[in-house]
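# Survey of secondary and tertiary structure
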Amino acid sequence: MTEMIRKYTSEIGDDDDGKQVLLYGWIHEVRDLGGVAFALLRDREGIIQITCPKKRSPEIIKKLRKVRRESVVKVIGEVKKEPKAPGGFEVLPDEFEVLNEADAPLPLDVVEKVPAELDTRLDARFLDLRKPRVQAIFRVRHQMIQSARAFLSEEGFIEVQTPKIVSTATEGGTELFPISYFEREAFLNQSPQLYKQVLMGAGLEKVFEIGPIFRAEEHNTVRHLNEAISIDIEQSFTDHEGVMKVLERLVSRVYSDVVENCEKYLDWIEVELEVPEIPFQRITYDEAIEIIKRKGEEIVWGDDFSTPALKTLSEEVDGHYFIVDWPTEIKPFYAMPYENEPEISKTFDLMAGSLELASGAQRVHIYDLLVRKIGEKGLNPDSFEFYLSAFRYGMPPHAGWGLGADRLLMSILKLKNIREAVIFPRDRNRLTP
Ligand code: ATP
Ligand code: MG
């Protein structure tokens, strides 16, 4: 006997009508009408109806009646066009094998007649992920990461991986997770920033990294994680404007790839996308402050934008936009001040409505200025030696940004909570699964 090739439910079409197919999947639901039993078999690409009339196989119908929901099965059967079945086809089984029986009751209802709380869903994430809608989020995430990687590679960026166990804070502050590293204290890295810059000193010119960043932020919000994935770039011989253009083109590319390749998954999620038009609007920090003030919100020059302030701003400025030229004071030490107006810096945030997606800047590439700025932030230049030495022997001017991948997905799919965009999120209260 020749080996049959396994098909996904979504691959079954007119050509299969009357033919035998081999399917693997999970039992989504069973309905027993006495003379005939129906099961829905679900695999990662969809759902198909298995129809078993008693007279076709008394043995299989017996097995079907008994099988528990979410058990893993193998089915060989004949495909028949059936307009009333989901997807327009049904399979009449000639072989039905339970490969692994599921326990009952299930800790989470995969059919989801009653929507569960996010926490309950995350506790039983492996079951939650069996829901087509939930799995679809991660198919889009896969596309998003693939697109970002392809786009940056095509633009001449070299993908790198930098250490996540580090000896110094990127920016100081309290957002660090200390870990014990043999007899020393070390930290989980907050950002690849310093390493990306060292690689500019190494002459790589254009690098990107897609990797984890760790932030020991105490606050529990719908847009913060303690472990996030950032898409980071650094580019030599350019300024903040240069890398803003790369960023908006990347976002636009991700959207168009998702629209083109993920139609089915967007349907499952029930979301419609429009590819945002580039260039994105640029507003200055000063203009943003004016708008917020005008709308009656209390804010003074030099403040960072609070969540309510950003909400107010997003009522006036729609979709994707850049906030540029921030006060030097509230941006990290590596942000380049304007020569003629050093209290303003060559910095930007990319926003989607009221959500910050990315932050970037032209960087300080001048050793003396950098040492001074590290000191001004209350940090000790001695602990930045590995970083600073790269600035003494030929550091080109450069710029870059960090884009939160989880936030980008959250905004593309209009998810209410960033945790939905992450398979196994880490937050203030969650360390498992
Ligand atoms: P926020 O002000 O929203 O807390 P941030 O300005 O501290 O963010 P950056 O240091 O600018 O964050 O990091 C670059 C990008 O990485 C952010 O724009 C965001 O998309 C993402 N990011 C940073 N921190 C987190 C986090 N805790 N959870 C999820 N994404 C994050
Ligand atoms: Mg930021």
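Residues numbered from 1 in each chain as written. Chains lettered and ligands numbered in written order. Predicted model: local features only at pLDDT ≥ 70, side-chain atom pairs only at ≥ 80, totals over all residues. Heavy atoms only, no water.

## With respect to the overall build of the chain
Put simply, the rule is: A run of H or I in DSSP counts as a helix once it spans at least four residues, and a run of E counts as a strand once it spans at least two, with each numbered from the N terminus. Each residue is assigned to one of three classes by its accessible area relative to the maximum for its type, calculated with a 1.4 Å probe on protein chains only: buried under 20%, partly exposed between the two thresholds, exposed over 50%. The contact definition used throughout considers only heavy atoms, calling two residues in contact when any of these lie within 4.5 Å. In these tables, accessible area is a Shrake-Rupley quantity obtained with a 1.4 Å probe, and a residue counts as shielded only by the protein chains included in the view. Under the counting rule used here, the positive set is Lys and Arg, the negative set is Asp and Glu, and His together with the chain ends is not counted. Charge positions come from single atoms, namely NZ of Lys, CZ of Arg, CG of Asp or CD of Glu.
Along the backbone of the chain there are 12 helices and 18 strands. Overall, the chain is about 85 × 55 × 40 Å in size when its C-alpha atoms are taken along their principal axes. Taken over 433 residues, the chain has a buried fraction of 52%. Put simply, 65% of the contacts in the chain that link residues at least 6 apart link residues at least 24 apart. Here the chain has roughly 21200 Å² of accessible surface; of this, 50% comes from carbon and sulfur atoms. Charged side chains of the chain number 57 positive and 75 negative; the gap between the two group centres comes to 7 Å.

## Points about the domain arrangement of the chain
To keep things clear, this is the line we draw: Where each domain begins and ends follows an automated or database-derived domain assignment. Each of two parts loses accessible area, computed with a 1.4 Å probe, when they are put together; buried area is these two losses added. Any Lys or Arg side-chain nitrogen located within 4 Å of an Asp or Glu carboxyl oxygen qualifies as a salt bridge. We call two N or O atoms a polar contact when they sit within 3.5 Å, provided that within protein one can donate a hydrogen and the other can accept it, with sequence-adjacent residues counted only if both atoms are side-chain atoms. Nonpolar residues are Ala, Val, Leu, Ile, Met, Phe, Trp, Tyr, Cys and Pro. Charged residues are Asp, Glu, Lys and Arg, and all others, Gly as well, are polar.
Split into domains, the chain comes out as domain 1 (9-100) and domain 2 (128-421). Computed over C-alpha atoms, the centres of domain 1 and domain 2 are 48 Å apart. Taken together, the contact between domain 1 and domain 2 spans seven residues of the former and seven residues of the latter. Interface area for domain 1 against domain 2, summed over the two sides, is near 570 Å², with a carbon-plus-sulfur share of 39%. Looking only at domain 1, the three residues that lose the most surface to domain 2 are R42, R44 and E45, adding up to 68% of its buried area. Summed over the shared surface of domain 1 and domain 2, the result is three salt bridges. With a closest N to O distance of 2.9 Å, E45 and K264 form a salt bridge. Joining domain 1 to domain 2, the criterion identifies five residue pairs in polar contact (both at pLDDT 80 or more). Class assignment for the residues of the side of domain 1 that touches domain 2 results in one nonpolar, two polar and four charged.

## Quick notes on the sheet that holds strand 1 (residues 20-32)
As a reminder, the rule being used: DSSP-based pairing: two strands are paired if at least 2 bridges between them are found. Convention adopted: a line fitted to C-alpha atoms gives each axis, helices being fitted over their contacting stretch, and angles between N-to-C directions are expressed from 0 to 180 degrees.
Strand order in the closed barrel made by the five strands is 1-2-3-5-4, with mixed pairing throughout. Ignoring which end each strand starts from, the neighbouring axes of this sheet average 50° apart. Here strand 1 runs beside strand 4 (residues 72-81); their pairing, made up of seven bridges, is antiparallel. In the sheet register, L22 faces strand 4, and the bridge partner there is I76.

## Brief notes about the nonpolar core
Test applied: The criterion is simple. A nonpolar core is a set of buried Ala, Val, Leu, Ile, Met, Phe, Trp, Tyr and Cys residues joined through side-chain atoms within 4.5 Å.
Core analysis: the largest hydrophobic core is formed by 56 residues, its most contacted members being V140, L152, L247, W401, L403 and L413. Here the element with the most residues in this core is helix 4 (residues 132-154); it accounts for 10 residues. Discounting chain neighbours no more than four positions away, the residues touching V140 are V258, C262, Y265, L266, I269, L409 and L413. Listed in part, the 20 residues of the second largest apolar core include L23, A39, I60 and V73.

## Here we look at the sheet that holds strand 16 (residues 347-352)
Taking strand neighbours across the sheet as the criterion, the eight strands line up as 6-10-11-18-17-16-13-12 in an open arrangement whose pairing is mixed. Looking at the sheet topology across the chains shown, the edges are occupied by strand 6 (158-159) and strand 12 (281-284). Taken strand by strand, helix 5 (residues 193-201) contacts strand 10 (206-214), strand 11 (227-236) and strand 18 (398-404), and its axis lies near 20° from that of strand 11.

## Some thoughts on the site of ligand 1
Put simply, the rule reads: Any residue with a heavy atom lying within 4 Å of a molecule or strand is counted as near it. For each structure, a 1 Å grid was placed over the protein atoms alone; sets of points admitting a 1.4 Å probe that cannot get out are labelled cavities, open sets with protein on both sides within 12 Å along at least five of seven lines are labelled pockets, and lining residues have an atom within 4 Å of a point. By definition, a pocket or cavity contains a molecule when more than half of the molecule's atoms lie within 2 Å of the pocket's grid points.
Lining the immediate environment of ligand 1, one finds 15 residues, of which E217, H224, L225, E356 and L357 sit closest. Within the contact set of ligand 1, an oxygen atom lies 2.8 Å away from a backbone nitrogen or oxygen of L357. Note that an oxygen atom of ligand 1 is positioned 2.9 Å from one of the side-chain N or O atoms of S359. Burial of ligand 1 by the protein amounts to 84% of the accessible area it has alone, namely 580 Å². Judged by the fraction of its atoms near the pocket grid, ligand 1 is located in the largest pocket. Contributing elements (two or more residues each) for the shell around ligand 1: strand 17 (355-362) and strand 18. With four residues, strand 17 is the largest single contributor of residues to the shell around ligand 1.

## Thoughts on a negative patch on the surface
Note the following rule: Each patch is built from salt-bridge-free residues with over 30% relative accessible area, joining like charges within 9 Å and nonpolar side chains (Val, Leu, Ile, Met, Phe, Trp, Tyr) within 5 Å.
A cluster of like negative charges, contributed by E263, D267, E270, E272 and E274, occupies part of the molecular surface. With respect to the element layout, E274 can be found in the loop between helix 7 (263-269) and strand 12. E274 gets classed as exposed once you look at its relative accessible area, which sits at 70%.

## Some points on the layout of surface pockets
How we decide: Grid points are joined across faces, edges and corners, and a volume is the space filled by probe spheres set on the points.
In this structure, the largest pocket spans a volume of roughly 1300 Å³. Looking at the largest pocket, it is lined by 49 residues, and the ones nearest its centre are E171, E175, R215, E356 and S359. With six residues, the top contributor of residues to the lining of the largest pocket is strand 17. Taken together, the residues of the lining of the largest pocket sort by class into 19 nonpolar, 16 polar and 14 charged. Considered as a void within the structure, the second largest pocket measures approximately 590 Å³ in volume. What lines the second largest pocket is a set of 26 residues, and nearest its centre among them are A352, G353, S354, L355 and S411. Looking at the lining of the second largest pocket element by element, the count peaks at three residues for helix 9 (residues 307-316). Considering only residue class, the lining of the second largest pocket consists of 11 nonpolar, seven polar and eight charged.

## As for the packing of helix 4 against helix 6 (residues 240-261)
Definition in use: Each angle is binned into one of four classes, with values under 35 degrees roughly parallel, values over 145 roughly antiparallel, values of 65 to 115 roughly perpendicular, and all other values oblique. Note on convention: near helix rotated counterclockwise from far helix by under a right angle means a left-handed crossing. Clockwise means right-handed.
It is at 9 Å that the axes of helix 4 and helix 6 come closest, and there the two elements cross at 135°. The orientation of helix 4 relative to helix 6 falls into the category oblique. For the pair helix 4 and helix 6, the sense of crossing is right-handed. Counting all contacts with helix 4, which are made through V140, Q143, M144, S147, A148, A150, F151, L152 and E154, the residues of helix 6 involved are V246, R249, L250, R253, V254, D257, V258 and N261. The residue makeup of the contact of helix 4 with helix 6, split by class, is 10 nonpolar, three polar and four charged.

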